Amino acid sequence: MISDCVFCKITAGQAPAKKLYEDNDVIAFHDINPQAPVHILVIPRKHIRNLLYVDEKDALILSKLIMVATMMAKEQKIAEKGYRIVINTNRCAGQSVDHLHIHVLGGRIMSWPPG
Ligand code: AMP
Ligand code: ZN
């Protein structure tokens, strides 16, 4: 737990979030500033700064993050039409919260290439 990390605070129940799923390793909740009709974040409870800080020991957590993202897409009914998962890594890619998270986006047409 990093005391000034907003996502650590959410995992510890010290900051509010509209949670959709949680288990011992992973939490999913609605993004506070949605960029699509469905915009969910899936995060590990463990503070991992971003993909560059993933350790071999984190392999199970990483696979769980992706599986929960898939579960969210199905539950939110965006799986059939199409959805996108995004992991922004460092500033030029748009990472603003330094706690690993997967964006699950859907419910509208996505452009390519991304901005
Ligand atoms: P990124 O820019 O890839 O680091 O994504 C961070 C995301 O976290 C953004 O989409 C924010 O809207 C979202 N966010 C920041 N603070 C909160 C919060 N307290 N609850 C929910 N989502 C948040
Ligand atoms: Zn954190």
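Parameters and conventions
- Numbers given for residues are sequential positions, taken from 1 along each chain in its written order.
- Key to labels: chains lettered from A, ligands numbered from 1, both in the order written.
- It should be noted that, the model being predicted, local features are given only for residues of pLDDT at least 70 and side-chain atom pairs only at 80 or more, the latter also being counted only at that level, while totals for whole chains, interfaces and linings use all residues.
- Excluding hydrogens and water, the side-chain figures rest on all heavy atoms present in the structure.
- Following DSSP output, two strands are said to pair if at least two bridges run between them.
- A helix here means a DSSP run of H or I that spans at least four residues, while a strand means a run of E at least two residues long, and both kinds are numbered starting from the N terminus.
- Here the axes come from fitting lines to C-alpha atoms, over the contacting stretch only for helices, and the angles between their N-to-C directions go from 0 to 180 degrees.
- By the convention used here, residues are in contact when the closest approach between their heavy atoms is within 4.5 Å.
- Each metal site lists N, O and S donors within 2.8 Å (3.2 Å for Na, K and Ca). With water left out of the atoms, a site can look as if it is missing ligands.
- In this scheme the shape depends on donor count and angles: four donors with every angle between 85 and 135 degrees give tetrahedral, four or six donors with opposite pairs above 155 degrees and others between 65 and 115 give square planar or octahedral in turn, and any other case is irregular.
- To sort residues, take the accessible area from a 1.4 Å probe on protein chains only and compare it with the maximum for the residue type: under 20% means buried, over 50% means exposed, and anything in between is partly exposed.

1. As for the sheet that holds strand β3 (residues 38–44)
A sheet is described by the order of its strands in space; here 5 strands give the open sequence β1-β2-β3-β5-β4, paired in antiparallel fashion. With one partner strand each, in any of the chains shown, β1 (19–22) and β4 (83–86) form the two edges of the open sheet. Direction aside, the axes of adjacent strands within the sheet are offset by 15 degrees on average. One ladder, built from 4 bridges, connects β4 with strand β5 (residues 102–106); its direction is antiparallel. Its bridge partner lying in β5, I85 is registered against V104. On the sheet, helix α2 (residues 59–75) packs against β1, β2 (26–30), β3, β4 and β5 and is oriented at approximately 160 degrees with respect to β3.

2. Brief notes about the coordination of the zinc ion (ligand 2)
For the zinc ion (ligand 2), the protein coordination sphere consists of C5 (SG), C8 (SG), H47 (ND1) and H99 (ND1), at 2.0 to 2.3 Å. Its 4 donor atoms give the zinc ion (ligand 2) angles of 106 to 115 degrees at the centre, a pattern that matches the tetrahedral case. Look at where the donors of the zinc ion (ligand 2) fall in the sequence and you get C-x2-C-x38-H-x51-H. Here H99 lies in the loop between β4 and β5 and H47 lies in the loop between β3 and α2, a separation of 52 residues in the sequence. By relative accessible area, which is 25% here, H47 ends up partly exposed.

Geometry only, nothing functional implied.
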